[in-house]
Amino acid sequence: MREAPASFDDHFSQPRLFWLSLSPVEREHVIAAYTFELSKVYEPVIRERVLTVLAEIDPVLCAEVATGLGLPAPQPSRPLPDVVPNPALSQAAGTWPTTGRVVGIVADATSDLDAVRRVRDSARQAGLLPLLIAPTGAPLADDLPAQRTFAATRSVEYDALVVAGPLLPAADDHGARDAKSGVTGPGAQVDSRVALLAGEAYRHAKPIAVLPGAEAVLAAASADPAAPGVIAGDDAGELVTALTGLLATHRVWERFPPAVG
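None of these values were measured; they are calculated from a predicted model.

**Q** Got a sec to walk through the overall build of the chain? Specific residues and values, please.
**A** Looking only at helices and strands, the chain features eight helices and six strands. In sequence order, the secondary structure elements of the chain are arranged as α-α-α-α-β-α-β-β-β-α-β-α-β-α. When the backbone C-alpha atoms are referred to their principal axes, the chain occupies close to 75 × 40 × 40 Å. Within the chain, the fraction of its 261 residues that count as buried is 43%. Counting only contacts in the chain whose residues sit at least 6 apart along the sequence, the fraction spanning at least 24 positions is 64%. Approximately 13800 Å² of the chain is accessible, and the part contributed by carbon and sulfur atoms is 57%. Where the 21 positive side-chain charges of the chain centre and where its 31 negative ones centre are 5 Å apart.

**Q** How would you sum up helix α5 (residues 113-125)? Please name residues and give values.
**A** Along its 13 residues, α5 runs 18 Å from first to last C-alpha, staying within 8% of the 18 Å computed at 1.5 Å per residue. All of the buried residues in α5 are Leu113, Ala115, Val116, Val119, Arg120, Ser122 and Ala123. Lining the buried residues of α5 we find β1 (102-106), β2 (129-134), β4 (160-163) and α8 (236-247). For α5, the N-terminal capping position is held by Asp112, with its side-chain oxygen 3.2 Å away from the main-chain nitrogen of Asp114.

**Q** So what's going on with the pairing of β2? Which residues, and what values?
**A** Of all six residues making up β2, five are buried, and the element is well covered by its neighbours. Taken together, the five bridges between β1 and β2 define a ladder with parallel strand orientation. The residue bridging Val106 from the neighbouring strand is Ile133, located in β2. The β-α-β motif built from β1, the intervening α5 and the parallel element β2 has right-handed crossover chirality. In the sheet, β2 pairs with strand β3 (residues 148-149) via two bridges, with the strands oriented parallel. Opposite Ala134, over in β3, you have Thr149 as the bridge partner.

**Q** For the packing of aromatic side chains, give the residues involved together with the corresponding values.
**A** Applying the stated rule across the entire model yields one aromatic pair. Each ring, one from Trp253 and one from Phe256, has its centre 6.1 Å from the other, and the planes form 45°; the classification is tilted. Both residues of the pair, Trp253 and Phe256, belong to the buried class.

What counts, and at which threshold
- Residues numbered from 1 in each chain as written.
- Predicted model: local features only at pLDDT ≥ 70, side-chain atom pairs only at ≥ 80, totals over all residues.
- Heavy atoms only, no water.
- Helix = DSSP H or I, 4+ residues; strand = E, 2+ residues; numbered from the N terminus.
- Buried < 20%, exposed > 50% of the residue type's maximum accessible area, 1.4 Å probe, protein only.
- Contact = heavy atoms within 4.5 Å.
- Areas by Shrake-Rupley, 256 points an atom, 1.4 Å probe, with all protein chains shown as cover.
- Lys, Arg positive; Asp, Glu negative; His and termini not counted.
- Charge placed at Lys NZ, Arg CZ, Asp CG, Glu CD.
- Expected span 1.5 Å × (residues − 1).
- Polar contact = N/O pair within 3.5 Å; in protein donor to acceptor, adjacent residues only side chain to side chain.
- Pairing = 2+ DSSP bridges.
- Right-handed = clockwise from strand over helix to strand, strands pointing away.
- Phe/Tyr/Trp six-rings, centres within 6.5 Å; stacked < 30°, edge-to-face > 60°.

Here's what the structure looks like:
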């Protein structure tokens, strides 16, 4: 007879293997992703149905997502598959090539442009892709074209961030033009778009390097200057070397607070 093998009816061994192979931080991300996406599903029966699927993968995963949805966690309908975790399935288990990783360099006309050039050139020599983020589309110098602007960029475009200078509010830093930009006004010490960018990069656990004078940006972004993956200095080569080492692990995992074992 032409029949499918019994393994075709095994729908949960691989997802359970994947789940158990993740680090605590990665598991927390999976829980957050399920909770976020299911929170936008307005048919209760669909939420409940997905929870019954998660229950067949792992009780912790199911219970945590159910808590976020405000629903009871169902029990699995069968014994959970017996699998052996594989560390190779975790991003937090090793290092990877950094060639082509994107480094955003945030600067304006008051920044030390020679230091910006050294960071850019060092990044290129390390195989990284530097992108200069400026207040507007105008170049900061003949050899420093603006590749992104404060108003038109976000953390998702960069694997790491370099902040050059205090980056005071630019002329177009108006909250009415960008409702997401944060607090603006005469008392603002840092351009609100830069504070938003740096704050997102920090929360996303991406490496951040600050050149002298950029400490105020960290404060505006609620970023701890002593946190893992936040480095400071005036030697461009050393900063880029440190960033490259951090980029090899994808993220600064220590900066994520895992809540699930």
